[in-house]
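The residues making up each chain are set out below.
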Amino acid sequence: MTLPLPHHHRPQWVGLLGFGAAAAAAALVGGLGVAGTAGEYDSLAQPSWAPPSWLFGPVWTVLYCCIAVSGWLVWRRSGWNAALTVFAAQLVLNAIWTPLFFGAGLRGPALVDIVALWVLIGVNIAVFWRRSRLAAGLLLPYWAWVTFATALNASVWWLNR
């Protein structure tokens, strides 16, 4: 009978794959779970500072990679903990936004979701900071983008109500 290896003896890449899969799941629910988002985005009244729809894919690809590595770095240090529960919660809010905004056309509830996401990313950065400054730093571009996306969501909601 073989007992599972203690956390610190497990191959580190297995954990990275797990965190990559979690980030990919959030991306798939959000991005691929709702068809026609680029067309719908382009059809909405937008502020003059709104980016083109093609920009979102590359930006989110980089951000999801940073998110995955960030969670993995904290997991490597201490296994699953309260900080990673916050991490998981913000990923869930992240995944919910696109189906709300595009799938259901609920721009107001999507705004509430993204504000809650913004708060949880801030909490996530704070709790990761105590465990790994690199992990916390990897979430800063994500937080900055979600700050921008929150303003964009609010503007699009206002212009299309």
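Being a predicted model, the structure only gives us computed values, none of them experimental. (Residues numbered from 1 in each chain as written. Predicted model: local features only at pLDDT ≥ 70, side-chain atom pairs only at ≥ 80, totals over all residues. Heavy atoms only, no water.)

**Q** Sorry if this is basic, but what is going on with the pattern of salt bridges here?
**A** Two side chains of opposite charge can pair, provided their charged atoms sit close to one another. Summed over all chains, the structure comprises 1 salt bridge. Measuring nitrogen to oxygen at the nearest pair gives 3.0 Å for the salt bridge that ties R107 to E40. Separated by 67 residues along the polypeptide, R107 in helix α5 (residues 107-129) and E40 in helix α2 (residues 37-43) bring together distant segments of the chain. Accessibility expressed as a relative area gives 23% for E40, which makes it partly exposed. (Salt bridge = Lys/Arg side-chain N within 4 Å of Asp/Glu carboxyl O. Helix = DSSP H or I, 4+ residues; strand = E, 2+ residues; numbered from the N terminus. Buried < 20%, exposed > 50% of the residue type's maximum accessible area, 1.4 Å probe, protein only.)

**Q** So what exactly am I meant to see when it comes to helix α4 (residues 82-103) here?
**A** Structurally, the α-helix is built with 3.6 residues per turn, so residues lying three or four positions apart point the same way. For α4, spanning 22 residues, the distance from its first C-alpha to its last is 31 Å, which sits close to the expected 32 Å at 1.5 Å a residue. Residue N81 occupies the N-cap position of α4, its side-chain oxygen lying 2.9 Å from the main-chain nitrogen of A83. Where α4 terminates, the next one or two residues include G105, which has phi positive at roughly 65 degrees. (Expected span 1.5 Å × (residues − 1). Polar contact = N/O pair within 3.5 Å; in protein donor to acceptor, adjacent residues only side chain to side chain.)

**Q** Help me understand the nonpolar core, please; the structure alone is not making it clear to me.
**A** The nonpolar side chains of a soluble globular protein tend to be buried with one another. Counting residues in hydrophobic clusters, the biggest one holds 44 residues, and the most contacted among them are F128 and Y142. For this core, the elements supplying multiple residues, two or more each, are α1 (12-32), α3 (56-78), α4, α5 and α6 (133-159). If you tally residues by element for this core, the top one is α3, at 11 residues. Beyond its immediate sequence surroundings of up to four residues, F128 is in contact with S70, G71, V74, A83, L84, F87, R133, A135, A136 and L139. (Core = buried A, V, L, I, M, F, W, Y, C linked by side-chain atoms within 4.5 Å. Contact = heavy atoms within 4.5 Å.)

**Q** Explain the packing of aromatic side chains to me, please; I cannot follow it from the model alone.
**A** Two measures describe an aromatic ring pair: the distance that separates the ring centres and the angle between the ring planes. All told, the structure shown has 14 aromatic pairs when counted by the stated rule. Judged by centre distance (5.9 Å) and plane angle (15 degrees), the rings of F87 and F128 are stacked. Of this pair, F87 sits in helix α4 while F128 is found in helix α5, placing the two residues 41 residues apart along the sequence. You'll find F87 and F128 in the same group, each marked buried. (Phe/Tyr/Trp six-rings, centres within 6.5 Å; stacked < 30°, edge-to-face > 60°.)

Shape descriptors only; they carry no functional weight alone.
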